[in-house]
Amino acid sequence: MFVFDRKRVFVGSTNFDLRSFNLNTEVGLLIDSPALAARAIERFDAITIPANSYRVTAAERFGDSVPHWITEENGAMVELDREPGHAFWREFVVNAVSILPPDDQL
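First things first, this report covers the structure right here in the doc. Numbers given for residues are sequential positions, taken from 1 along each chain in its written order. Local features in this predicted model are restricted to residues whose pLDDT is 70 or higher, and side-chain atom pairs enter the listing and the counts only when it is 80 or higher, whereas totals over whole chains, interfaces and linings include all residues. Based on all heavy atoms of the structure, the side-chain values leave hydrogens and waters out of the count.

**Describing the overall build of the chain**
Here's step 1: Per the convention used, a helix needs a DSSP run of H or I reaching at least four residues, while a strand needs a run of E reaching at least two, with both numbered from the N terminus. Helices and strands together make up the secondary structure of the chain, namely three helices and six strands.
Here's step 2: Shown N-terminal to C-terminal, the secondary structure of the chain runs as helices and strands in the order β-β-α-β-α-β-β-β-α.
Here's step 3: Here the C-alpha radius of gyration of the chain, 19 Å, is well above what a compact globule of 106 residues would show, namely 13 Å.
Here's step 4: Principal-axis analysis of the C-alpha atoms places the extent of the chain at approximately 50 × 45 × 25 Å.
Here's step 5: Only protein chains enter the accessibility calculation, which uses a 1.4 Å probe; a residue is then buried when its area is under 20% of its type maximum, exposed when over 50%, and partly exposed in between. The buried share of the chain, reckoned over its 106 residues, is 12%. Computation of the radius of gyration draws on C-alpha atoms alone. For the globule rule, the value is 2.2 Å times the number of residues to the power 0.38.

So this is what it looks like as structure tokens:
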């Protein structure tokens, strides 16, 4: 979903990957409705407050730039050096699977 000029809302099934762009099987609606645009913005603002989301920044570790996650827990800001919710085994599986298949073969 995208909101344009606080007047129009685009809702669609677009996936941002090469397969979707090449096959172009996606659909979408452009709705001219300032009321719907305002409601969409209101909902987005509510779900992206620090207690409900993470802000990813770049941090330096051993001379390399690495992701750093910032959120709010129990009213206090918390900074994390590892991706939230990622156990070692899950991270291993995600990294192993991410190399297969290459985007141009989807």
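**With respect to the pairing of strand β4 (residues 55–61)**
When a strand is regular, its side chains alternate between the sheet's two faces.
Here's step 1: Sparse coverage of β4 is indicated by the burial of zero of its seven residues.
Here's step 2: For two strands to count as paired, DSSP must find a minimum of two bridges between them. The pairing of β4 with strand β5 (residues 64–73) spans seven bridges and is antiparallel. By the bridge assignment for β5, Arg 55 is matched with Ile 70.
Here's step 3: Between β4 and the antiparallel strand that follows it, β5, lie two residues; Phe 62 among them carries a positive phi value of about 55°.

**Description of the side chain of Ser 33**
Here's step 1: With respect to the element layout, Ser 33 can be found in the loop between β3 (28–32) and α2 (34–47).
Here's step 2: If near-sequence neighbours (up to four positions away) are discounted, Ser 33 is found in contact with Lys 7 and Arg 8. Contacts are assigned to residue pairs that have any heavy atoms within 4.5 Å of one another.

**A short note on the side chain of His 68**
Here's step 1: Assignment of secondary structure puts His 68 in strand β5.
Here's step 2: Ignoring any residue separated from it by four or fewer positions in sequence, one finds His 68 in contact with Arg 55, Val 56, Thr 57, Ala 59, Glu 79, Leu 80 and Asp 81.

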